[in-house]
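Single-letter residue listing:
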Amino acid sequence: MASALAAKMGFNSLLRKPARSFSVRICTMESDMEFSCEVKWKGKDLFDLVCRTLGLRETWFFGLQYNIKDTVAWLKMEKKVLDQEVPKEEPITFYFIAKFYPENAEEELVQDITQHLFFLQVKKKILEEEIHCPPEASVLLASYAVHAELNVASYASFVNASLFLAPVQVINLYQMTAEMWEERITACYAEHRGRTRDEAEMEYLKIAQDLDMYGVNYFLIRNKKGTDLLLGVDALGLHIYEPDNRLTPKCSFPWNEIRNISYSDKEFTIKPLDKKTNVFKFNSSRLRVNKLILQLCIGNHDLFMRRRRVDSLEVQQMKAQAREERARKQVERQRLQREKQLREEAERARDELERRLIQLQDEAHMANEALLRSEQTADLLAEKAQIAEEEAKLLAQKAAEAETEMQRIKVTAIRGQEERRLMEQKMLEAEMLALKMAEESERRAKEAEQLKQDLQEARDSERRAKNKLLEITSRTVYTAALHAPPRHVYLSFSRENLSFDFKDTDMKRLSMEIEKEKVEYMEKSKHLQEQLNELKTEIESLKLKERETSLDIIHNQNTEQGTSKQSNFKKVTAAEQSLRSAHMFFNMHNMLLHLLAVTADVSSDSVEGRNSHRSLQQVINI
């Protein structure tokens, strides 16, 4: 029987149709999720699934929103999902966002996930300019958003990121470059150092909740007169605005002063708690808008009253857990802060040690380079010293050679001076000899003149004697020859005998000796002149022109003109030779005259004497 029952149950299960399902996409402010839902699921089933997935317990602030035609609607919790006017295309898209806003975010938001979702939603509305934000608040909010979203310790890790965290309208409102905006946001950001992401997000919400358009849902309405107005619904009550002014309401109805809210078709009625106050009625564009307004009013009113009552046990438990979690996080943050501080100190110490190590390495490297340079310099100096020593030796050798040469030049100069002195002495002697010969020549000239006169007288006497001799001879030629005693007078004055005495042999020999000495002197003088020229060239650069004497100037002029002692000596030698030739001529002439006088004395003694006298007379005539 049991087996039959089991078979029957298996058959019934096969006959049962599988449950149908549909897919949904849930878009949160942080990520997208997809779920497969059963057809019978109500809105609360889907909402609870999303909250469990996110770990969210403060569910009363949120809802699932979807788009319908040209407006939006909220998913109702008590009705099935598919029974509502949701889109038919799958996956059906819902937006999990905050439906109601807290009055005081710091006191009401307990969970970190709740705070984070609110931060993302409010930031998005501010950036999309759905919430008006003044420029100064935009800069401060951008600095907190940078800290919360990027969670970095250095501004250098995000470039231009702050520009995406400020409203475009605010940036375009000022003639400021991106660098100028970054500079101001950085200045605010620097003050947030040490804060956690949760603290930065809470500071962001605390500033944003004071903005005029924070948490307000606007709806276009008309009053009884047909005037267009805006109805604002938020956590504090209902507000009526001008269409072009969403910041300052014309009138407000706090939740604690509203007795009843209702709508009939498109007409919406607000009854104040004070019965004496007139009922406020307005018309919306469509019935669906009135339903949405009524939902927001009911939810905000419930939260408003709930805040003013004692927290439920669940909320108290959540707050206690939140406090414990915050305390734990605080302790953990302090521990991390200490560790971070120790790590930073260790990193600073490490950086300092690395810097010191690098510095020491650089110093060691520099010292090695300096040592290498010193060694190279020492080697170079050693080479230079060796070269200098060799040069010193060479210079010493050259100096010794120069000293030897100087000594040789001095000896040569002394020898030259002695030779010059001897030559000068010989020249003086020659000059004295020339003077003596000139005087002798004058004397001989006078004697020759006297001899001429004597010769003329002798000729006259001879002529007379001839005449007388002819007379005597004609008479006593033979008688005298026989009786006269023999006189042995042997005079031979032929041309041949007279010629050898007047070849000027001595003068030629003297001239040859003088010429030989002159050549030797010229050779020595030439060598000496070359040495003097070398010395003159060496010391010419050291000469001071202003200290030259007149003799130095005359010497330089003679040197330039080529006039020297040798040239003067040649001129004197030529003059002396001419003078010697004249002296020789006069000497020969005097000797002949002297011989003529001798012959004149013996001319009367013999015929040979007369013949010799005649020959001598012919020589003198020649």
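Our subject is the structure listed above.
As the structure is a computational prediction, the values presented were derived from the model and not from experiment.

Here is what the cut-offs are and how they apply
Throughout this description, residue numbers start from 1 for each chain and increase along the sequence as written. Local features in this predicted model are restricted to residues of pLDDT 70 or higher, and side-chain atom pairs are both shown and tallied only at a pLDDT of 80 or more, whereas totals for entire chains, interfaces and linings draw on every residue. Just so you know, side-chain values use all the structure's heavy atoms and leave hydrogens and water out. Working definition: helices are DSSP H or I runs of at least four residues, strands are E runs of at least two. Numbering for both runs from the N terminus. Contacts are assigned to residue pairs with any non-hydrogen atoms lying within 4.5 Å of each other. Note on areas: Shrake-Rupley, 1.4 Å probe, and residue coverage restricted to the protein chains presented here. Ring geometry is summarised as follows: Phe, Tyr and Trp rings, the Trp one being its six-membered ring, pair when their centres sit within 6.5 Å, and such pairs are stacked at plane angles under 30 degrees, edge-to-face over 60 and tilted between the two. Throughout this description, buried means an accessible area under 20% of the type-specific maximum (1.4 Å probe, protein chains only), exposed means over 50%, and partly exposed covers the range between. Take the number of residues in a helix, subtract one, and multiply by 1.5 Å to get its expected span. This arc is built from the directions going out from the helix axis to the C-beta atoms. Any two strands between which DSSP finds at least two bridges are classified as paired. Lines fitted to C-alpha atoms define the axes here, with helix axes fitted over just the stretch in contact, and angles between the N-to-C directions of these axes take values from 0 to 180 degrees. As used in this structure description, the phrase polar contact means that two N or O atoms lie within 3.5 Å; if the pair is within protein, one of them must be able to donate a hydrogen and the other to accept it, and residues adjacent in sequence are counted only when both atoms belong to side chains. Side-chain atoms within 4.5 Å are what join buried Ala, Val, Leu, Ile, Met, Phe, Trp, Tyr and Cys residues into a set we call a nonpolar core. Any carboxyl oxygen of Asp or Glu within 4 Å of a side-chain nitrogen of Lys or Arg constitutes a salt bridge here. Each angle gets one of four labels, with under 35 degrees taken as roughly parallel, over 145 as roughly antiparallel, 65 to 115 as roughly perpendicular, and the rest as oblique. Each crossing gets its hand from how the near helix is turned against the far one by less than a right angle, where anticlockwise is left-handed and clockwise is right-handed.

### Observations concerning the overall build of the protein
Moving on, step 1. What the protein contains, in helices and strands, is 15 helices and twelve strands.
Moving on, step 2. Of the contacts formed within the protein by residues at least 6 apart in sequence, a portion of 61% connects residues at least 24 apart.
Moving on, step 3. Accessible surface for the protein amounts to roughly 41100 Å². Of this, 55% is attributable to carbon and sulfur atoms.

### A look at the packing of aromatic side chains
Moving on, step 1. Evaluated as defined, the whole model comprises 14 aromatic pairs.
Moving on, step 2. Ring geometry for F62 and F118: centres 5.4 Å apart, planes at 55 degrees, overall tilted. With F62 in strand β3 (residues 62-68) and F118 in helix α4 (residues 112-127), this pair connects stretches of sequence that are 56 residues apart. F118 carries the same exposure label as F62, and that label is buried.
Moving on, step 3. Note on Y66 and F94: the rings are 5.9 Å apart at their centroids and 85 degrees apart in plane angle, and the pair reads as edge-to-face. Here Y66, found in strand β3, pairs with F94, found in strand β5 (residues 92-98); they are 28 residues apart in sequence, far enough to count as distant.
Moving on, step 4. According to the relative accessible area criterion, F94 is buried, its value standing at 0%.

### Digging into helix α7 (residues 178-189)
Moving on, step 1. Compared with an ideal rise of 1.5 Å per residue, which puts twelve residues at 16 Å, α7 spans 16 Å between its outermost C-alpha atoms and is within 8% of the ideal.
Moving on, step 2. Those residues of α7 not exposed but buried are W181, E182, I185 and Y189. The buried residues of α7 occupy an angular sector of 100 degrees when the element is viewed end-on, so they sit on one face. α7 presents E179 and E183 as exposed residues on the side facing more than 90 degrees away from its buried surface.

### Comments concerning the side chain of S138
Moving on, step 1. Tracing the chain through its elements places S138 in helix α5 (residues 135-150).
Moving on, step 2. The contact partners of S138, leaving out residues within four places of it in the chain, are C133, P167 and V170.

### Here's the deal with the sheet that holds strand β1 (residues 21-27)
Remark on secondary structure: sheet strands pair via backbone hydrogen bonds, oriented parallel or antiparallel.
Moving on, step 1. Read from one edge to the other, the open sheet built from five strands follows the order β2-β1-β5-β3-β4, with strand pairing classed as mixed. A single partner strand is all that each edge strand has here, and the edge strands are β2 (32-38) and β4 (71-74). The mean inter-strand angle of the sheet, taken between neighbouring strand axes irrespective of direction, is 35 degrees.
Moving on, step 2. Pairing of β3 with β5 involves four bridges; the strand directions are antiparallel. The residue of β5 that forms the bridge with F62 is A98.
Moving on, step 3. In the packing of helix α2 (residues 43-54) onto the sheet, the strands contacted are β1, β2, β3 and β5, and the crossing angle to β2 comes to about 140 degrees.

### Brief notes about the environment of W255
Moving on, step 1. Along the chain, W255 turns up in the loop between β9 (251-254) and β10 (258-264).
Moving on, step 2. Placed 17 residues apart in sequence, W255 and L238 show a C-alpha to C-alpha distance of 7.5 Å.
Moving on, step 3. Among the polar contacts made by the side chain of W255, one reaches the main-chain carbonyl oxygen of D234 at a distance of 3.1 Å.

### Focus on the nonpolar core
Moving on, step 1. Membership of the largest hydrophobic core comes to 78 residues, with the highest contact counts inside it found for I26, F94, F96 and L238.
Moving on, step 2. Broken down by element, this core gets its largest block of residues, seven residues, from helix α9 (residues 287-307).
Moving on, step 3. By size, the runner-up hydrophobic cluster in this structure holds six residues, among which are V139, A142, V170 and I171.

### What to know about the environment of N67
Moving on, step 1. With respect to the helices and strands, the residue N67 is situated in strand β3.
Moving on, step 2. For the pair N67 and Y95, spaced 28 residues apart in sequence, the C-alpha separation works out to 9.1 Å.
Moving on, step 3. The contact partners of N67, leaving out residues within four places of it in the chain, are V72, P87 and Y95.

### Brief notes about the sheet that holds strand β7 (residues 228-233)
Moving on, step 1. As summarised here, the arrangement of the seven strands in space is β9-β8-β7-β6-β12-β11-β10, forming an open sheet in which the pairing is antiparallel. Whereas interior strands pair on both sides, the edge strands pair on one side only; in this sheet they are β9 and β10. Looking at each pair of strands side by side, their axes are set apart by 30 degrees on average, direction ignored.
Moving on, step 2. Relative to β7, strand β6 (residues 217-222) runs antiparallel, the two being bridged by six bridges. Within β7, the position partnered with L220 by the bridge is L230.
Moving on, step 3. Its contacts with the sheet put α9 on β6, β7, β8 (237-241), β10, β11 (267-272) and β12 (280-284), and the angle it makes with β10 is roughly 160 degrees.

### Observations regarding unusual backbone geometry
Moving on, step 1. Residues E90 and P91 are joined by a peptide bond in cis, for which omega reads -5 degrees.
Moving on, step 2. If you trace the backbone, P91 turns up in the loop between β4 and β5.
Moving on, step 3. At E129, a position not held by glycine, the phi torsion is positive, near 60 degrees.
Moving on, step 4. Among the structural elements, E129 can be located in the loop between α4 and α5.
Moving on, step 5. One non-glycine residue, D265, adopts positive backbone phi at about 60 degrees.

### Considerations on the pattern of salt bridges
Moving on, step 1. For the structure shown, the criterion picks out 24 salt bridges.
Moving on, step 2. Among the salt bridges present, the one from E34 reaches R25, with a minimum N-O distance of 3.3 Å.
Moving on, step 3. On the accessibility criterion, E34 (53% relative accessible area) is exposed.
Moving on, step 4. Ionic pairing is found between R343 and E347, a salt bridge with its closest N-O pair at 4.0 Å. Note that R343 and E347 are positioned in helix α10 (residues 313-483) at a spacing of four residues, about one turn of the helix.
Moving on, step 5. Each member of the salt-bridge network shares a partner with another, and the members are E103, E108, R307 and R308.

### Details of the packing of α5 against α7
For any two helices packed against each other, the geometry comes down to the angle between their axes and how far apart the axes lie.
Moving on, step 1. In the contact formed by α5 and α7, the axes pass within 8 Å of each other and the chain directions differ by 70 degrees. Here α5 lies roughly perpendicular to α7, going by the angle between them. Seen from above, α5 lies across α7 with right-handed handedness. Taking contact as the criterion, the partners of V139, L140, A142, S143, V146 and H147 in α5 are, on α7, W181, R184, I185, C188 and Y189.

### A short note on the pairing of β1
Within a regular strand, side chains alternate between the sheet's two faces.
Moving on, step 1. Of the strand pairs in this sheet, β1 and β2 are connected by seven bridges, and their pairing is antiparallel. Opposite R25, over in β2, you have E34 as the bridge partner.
Moving on, step 2. Between β1 and β2, which follow one another and run antiparallel, lie four residues.
Moving on, step 3. As paired elements, β1 and β5 share four bridges and run parallel to each other. Residue pairing across strands places I26 opposite F94, the latter belonging to β5.

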